[in-house]
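These are the residues of each chain, in order.
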Amino acid sequence: MIMAEVKLKLKKKPKFPLEADSITPDNFAGKTLNEIKKLPLYHARDLVTIGDFFDVSGKAEDVANTKIIIDGDVSNVKRVGEKMTGGEIIINSDVGMHVGNTMSGGKILVKGNADDWAGAMLQGGELEIEGNAGHYVGSAYRGFWQGMQNGVIRVKGSVGNESMLWAKSSKPSNKWPTLYCGSASSFLGLHNHGGTMVVEGDADRCIGADQSRGTIVIKGKISRLLPSFKKLDDVNEITLPNGEIITGKFAQYSGDHSISKETAGRLYIAIK
Amino acid sequence: MSQKKIITHHDVLCPFCGTLCDDLEVDVADNEVVEMRNSCQIGTKKFFSSNPSGHRYLKPQIKEKGSFRDATWDEALDKAADILLKAKRPLLYGFSSTECEAQNVGVELAEYLRAILDNTASVCHGPSLLAIQDVGAPLSTLGEYKNRADLVIFWGSNPVHAHPRHLSRYSDYVRGYFRKDGRNDRFIVVVDPRKTHTAQIADLYIQVKPNEDYELLNAIRAVLRGVELDAKEVSGVPMEEIKKLVEILKKCHFGVIFFGMGLTQSVSHHRNVDTAICLTRELNDHTKFLLTPMRGHYNVAGANQVFTWTTGYAYSIDFSRGYGRYNPGEFSSVDLLMKDEVDATLIVASDPASNFPAGAVRNMFKHPIIAIEPHHTPTSVYADVILPPAFAGIECEGTAYRMDKVPLRLRKVKEAPEECLPDREILERLLEKVKEKEGK
Amino acid sequence: MSLNNLILLTGRTINQGVALEGGKNTKENVRAAGICTFDKEDFKKLDCIAGTPVKVTTDYGEVLVYSTITEEGPHPGIIFIPMGPWGNQVVNPDTQGCGTPTFKGMKAKVEVVKDGRVLDAIELIGKLKEA
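These figures come from a predicted structure and were not determined experimentally.

A. Layout of the overall build of chain C. For chain C, the helix and strand inventory stands at 4 helices and 6 strands. Helices (α) and strands (β) of chain C occur, in sequence order from the N terminus, as β-α-α-β-α-β-β-β-β-α. Here the C-alpha atoms of chain C give a radius of gyration of 14 Å, agreeing with the 14 Å that 2.2 N^0.38 yields for 131 residues. Per-residue burial for chain C yields a buried fraction of 56% across its 131 residues. For chain C, restricting intrachain contacts to residue pairs at least 6 apart in sequence, the fraction spanning at least 24 positions comes to 75%.

Below you can see the structure in the form of structure tokens.
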């Protein structure tokens, strides 16, 4: 499928963070380049436009067939891809906070690192980060007790603290929010009620804290297991709720028993 | 020698810590505090510090060529308004050591300027508020604890040093309605990495390893659920001690956990509080159990109240897009300063130069600072404009909220120096000046 | 003499509270907050008398303070600096995305500096103003 491409090239690095929630395929779809240039951005307390900070070229189509390519150092640009429902965004550098938050469809690729809150409140779609991500990847925003509810986040590098906070799955709706990452900081899967997490490498402490149900797989080492997790039988294979099968020898733990005496929550740590 | 006429004020509130003692007696003669009764060392010092001294600012100050000169209020407010209007991302910070009406004007000013608005909870009990937003909290008032609690736990809190009269008025020595035998009717537990002075007068001291409070609370919760754990020891505490503690928790009639910076300022901050709250709630399956954060400043709880009524949020609020948005970590003062994202600060009733990490102070100093501050402090000394206030609770009235969110009325026991204005008046005049300059 | 592998805690003390109400730029304040408190046995390893200046170093900075022996121990491996300008030279400013710096629990090492000069608050903070 050949998508229409809109190219954004950053003209000058913003002095303060730039809030770019208007940069989504949904907002660009069906608009001319001039209309896109006039879309609003916030630079500290100044209301500016996309045209003020970016050179805009290319063409937009409908949402599903619009691909936005962003060049230049946007490490200080926040909220790119917010609430998008389709289409694609490719970011060729590090990106600021809140990338892809609340998206429900489409795909975002970050060819660099992402700041905190990447993929927060994800409702669907795919977010891929080639570098490291900050804290709160795929997490719920402050005060929400349901965070990521569907979709996939892939981070090649590390994710920060409290990633997948309050993640919630739904068996009847076949929604299995999933995070794949290279390594994880502390509190991965905090308050988890159904999310799936697979860590290729090591994870820090308090993994699965307050998990009521869900599946967390650590293929490397964990720095300290929570005392409220209890050892069950070892396994040679794990079937993730989304159907994927992981083979290898793993120690199996149930938890978090600080929530309840019996629990469907599971944590798997590779046996080397 | 002439007899000075002494006026004694009774039931005066102490404007220092979150215990907000309401039984102080202050003797004033010739508009100077001459004697205090019932106050702790720190409260006494605070009242006496309002007397004339070389440390107090008596007139507005403007810095010119590296040193301060006296200025009129008009001049100083004008300069301050210029600084705030020129900035793109100004920060209004502090508010914890002043009264509620002033805090209210602060919100209005921040909203008008589309600035960042924050208070000292940001570096103190902000994590407690974050935890309460996630899991709620079973709270009560100090009077209830005084009258009913037979089990009192201080977790990461050292009231002998930080809240000196808390123990004698509410939590340890005081006789209560159902605790008529005072200290003998209570069992005190202290959890801390050091055997603090508070731990030394407790019935049970549990030494927890620094940064491992979460794991210990987590283990206690699981044992409380009747789960037999695999570990023999958690956070430096043997499993036998943990099991004994759980029995003590279950068997009390009315328990309370008072917690402090040991939880909020260690690694995992708000999650330490989150799990402590969950433990407290779960204990109510067995007995009556509540918790209360030991708020540091006498009116930081008030700042959280006022900010919340008016904006919906308690601290770390960004108005840059024309409405309030809340996200500690993104809009919190230290984070913003560490990234050098703020280009001017208005500091009210606080001293960030002393209390923020060095990196944040370094960046704060790169930009103009307006300080509403009665005394020489590291913040005021390096400010560009100083607006001298009257002491709330000594030289002007107002409302303050205690650590348990009970509102009490601050008293006025003496007059402020002629050119020192109440905080709320300074902020009102500043707001007026700012509006005037924008032709509104 | 030096000590490694320590954990640094910061927090309130009543003396620091009294001193700050009396004027943060006073000698009283230096003696109240410009100090580092050691466990009794740990301190013996430093082989100096209480009050000798020591340099405390963490991943975040270094500061010179007066050494004292704890009344709130034993706490081997833990040192304590009261909250304030001296402690804030060496605390962890990272908030881990939650807004509050990590004022407690930093890894630290300590070195005796017999002729060291412990700065008062104004001078110490003044160094942050330079340039």
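B. Highlighting the packing of helix 3 (residues 100-113) of chain B against helix 18 (residues 423-437) of chain B. All names here are of chain B. It is the contact of helix 3 with helix 18, at a shortest axis distance of 8 Å, that shows an interaxial angle of 20°. Comparing their axes, helix 18 and helix 3 come out roughly parallel. In this structure, helix 3 crosses over helix 18, and the sense of that crossing is left-handed. Of the residues in helix 18, those in contact with Glu-101, Ala-102, Val-105, Gly-106, Glu-108, Leu-109, Tyr-112 and Leu-113 of helix 3 are Asp-423, Arg-424, Leu-427, Glu-428, Leu-430, Leu-431 and Val-434. When grouped by side-chain class, the residues that make up the contact of helix 3 with helix 18 number 9 nonpolar, 1 polar and 5 charged.

C. Structural view of the interface of chain C and chain B. Between chain C and chain B, the contact holds 44 residues from the first and 54 residues from the second. Of all the secondary-structure elements, those providing two or more residues to the side of chain C that touches chain B are strand 1 (2-11), helix 1 (14-22), strand 5 (78-82) and helix 4 (121-129) of chain C.

D. The environment of A:Ser185, seen in detail. Residues and elements named next belong to chain A. You can see Ser-185 is positioned in the loop between strand 12 (178-184) and strand 13 (193-199). Residue Ser-185 is classed as buried on the basis of its C-beta count, with 23 C-beta atoms lying within 10 Å. Residues Ser-185 and Lys-272 lie 87 residues apart in sequence; the distance between their C-alpha atoms is 21 Å.

E. Representation of the nonpolar core. By size, the foremost hydrophobic cluster in this structure holds 253 residues, and its most contacted members are B:Ala80, B:Ile153, B:Ile220, B:Ala276 and C:Val56. Here this core takes 8 residues from helix 9 (residues 213-224) of chain B, the largest share from any one element. Excluding its chain neighbours within four sequence positions, the residues that come into contact with B:Ile220 are B:Ile242, B:Leu245, B:Val246 and B:Leu279.

F. Structural view of helix 2 (residues 73-86) of chain B. Taking 1.5 Å per residue, 14 residues should reach 20 Å; helix 2 of chain B reaches 20 Å between its end C-alpha atoms and fits that length. Buried residues of helix 2 of chain B: B:Ala76, B:Leu77, B:Lys79, B:Ala80, B:Ala81, B:Ile83 and B:Leu84, and no others.

G. Inspection of the sheet that holds strand 1 (residues 6-12) of chain B at higher detail. All names here are of chain B. As summarised here, the arrangement of the 3 strands in space is 1-2-3, forming an open sheet in which the pairing is antiparallel. The sheet terminates laterally at strand 1 and strand 3 (32-37), the two strands that pair on one side only. Strand-to-strand twist of the sheet, defined as the mean angle between neighbouring strand axes without regard to direction, takes the value 25°. Pairing of strand 1 with strand 2 (residues 24-29) involves 5 bridges; the strand directions are antiparallel. Residue pairing for strand 2: Val-12 is matched across the bridge by Leu-24.

H. Region of interest: the sheet that holds strand 3 (residues 40-43) of chain A. All names here are of chain A. Ordered in space as 4-3-2-7, the 4 strands form an open sheet in which the pairing is mixed. Both edges of this open sheet fall to strand 4 (46-49) and strand 7 (77-78), since each of them pairs with a single strand only. With 2 bridges connecting them, strand 2 (residues 18-19) and strand 7 associate as parallel partners. Paired with Glu-19 across the strands is Lys-78, a residue of strand 7.

I. Quick look at the environment of A:Ser173. With respect to the helices and strands, A:Ser173 occurs in the loop between strand 11 (152-159) and strand 12. For A:Ser173, a count of 9 C-beta atoms within 10 Å corresponds to the exposed category.

J. Structural view of unusual backbone geometry. Going from C:Gly73 to C:Pro74, the amide bond is cis rather than trans, its omega being 5°. Examined against the element boundaries, C:Pro74 turns out to sit in the loop between strand 4 (61-69) and strand 5. Phi is positive for B:Asn31, which is not a glycine, with a value near 60°. Summarising the element assignment, B:Asn31 is placed in the loop between strand 2 and strand 3. According to the C-beta neighbour criterion, B:Asn31 is partly exposed, with 15 such atoms within 10 Å. Of note, B:Ser235 is a non-glycine position whose phi angle comes to about 55°, a positive value. Tracing the chain through its elements places B:Ser235 in the loop between strand 11 (233-234) and strand 12 (237-238). A residue is classified by how many C-beta atoms lie within 10 Å of it, and B:Ser235, with 24 of them, is buried.

K. Region of interest: the domain arrangement of chain B. All names here are of chain B. According to the domain assignment, chain B consists of domain 1 (6-48), domain 2 (61-123 + 298-437) and domain 3 (126-293). Computed over C-alpha atoms only, the centres of domain 2 and domain 3 are separated by 34 Å. Between domain 2 and domain 3, the residue contacts involve 10 residues of the former and 9 residues of the latter. Taken together, the residues of the side of domain 2 that touches domain 3 sort by class into 6 nonpolar, 2 polar and 2 charged.

L. Structural context of the environment of C:Gly97. Turning to its location among the elements, C:Gly97 is positioned in the loop between strand 5 and strand 6 (106-112). With 24 C-beta atoms packed within 10 Å, C:Gly97 lands in the buried category. Those residues in contact with C:Gly97, other than ones at most four positions away along the chain, are A:Asp116, A:Gly134, A:His135, A:Tyr136, A:Gly160, A:Asn161 and B:Gly329.

About the thresholds
- Throughout this description, residue numbers start from 1 for each chain and increase along the sequence as written.
- A letter from A marks each chain and a number from 1 marks each ligand, given out in the order of writing.
- Only residues with pLDDT of at least 70 get local features here, since the model is predicted, and only at 80 or more are side-chain atom pairs given and counted; chain-wide, interface and lining totals rely on the full set of residues.
- Note on conventions: DSSP H or I runs of at least 4 residues are helices, E runs of at least 2 residues are strands, and numbering of each starts at the N terminus.
- Note that the radius of gyration is over C-alpha atoms, with the globule rule given as 2.2 Å times the number of residues to the power 0.38.
- To sort residues by exposure, count the other C-beta atoms lying within 10 Å of each residue's C-beta; 20 or more gives buried, 12 or fewer gives exposed, and values between give partly exposed, all with C-beta atoms placed from the backbone.
- Contact definition: two residues whose C-beta atoms, as placed from backbone geometry, lie within 7 Å.
- Between the N-to-C directions of two axes lies an angle of 0 to 180 degrees, each axis being a line fitted to C-alpha atoms and, for a helix, fitted only over the stretch in contact.
- By definition in this entry, angles of less than 35 degrees are roughly parallel, angles greater than 145 are roughly antiparallel, angles of 65 to 115 are roughly perpendicular, and the rest are oblique.
- The handedness criterion is simple: a crossing whose near helix is rotated anticlockwise from the far helix by less than a right angle is left-handed, and one whose near helix is rotated clockwise is right-handed.
- Ten residue types, Ala, Val, Leu, Ile, Met, Phe, Trp, Tyr, Cys and Pro, are classed as nonpolar, four, Asp, Glu, Lys and Arg, as charged, and the remainder, Gly among them, as polar.
- Think of a nonpolar core as buried Ala, Val, Leu, Ile, Met, Phe, Trp, Tyr and Cys residues, each tied to the set through C-beta atoms within 7 Å.
- Multiply 1.5 Å by the residue count of a helix minus one, and that product is the helix's expected span.
- A strand pair is defined by DSSP finding two or more bridges across the two strands.
- Source of the domain bounds: an automatic or database domain assignment.

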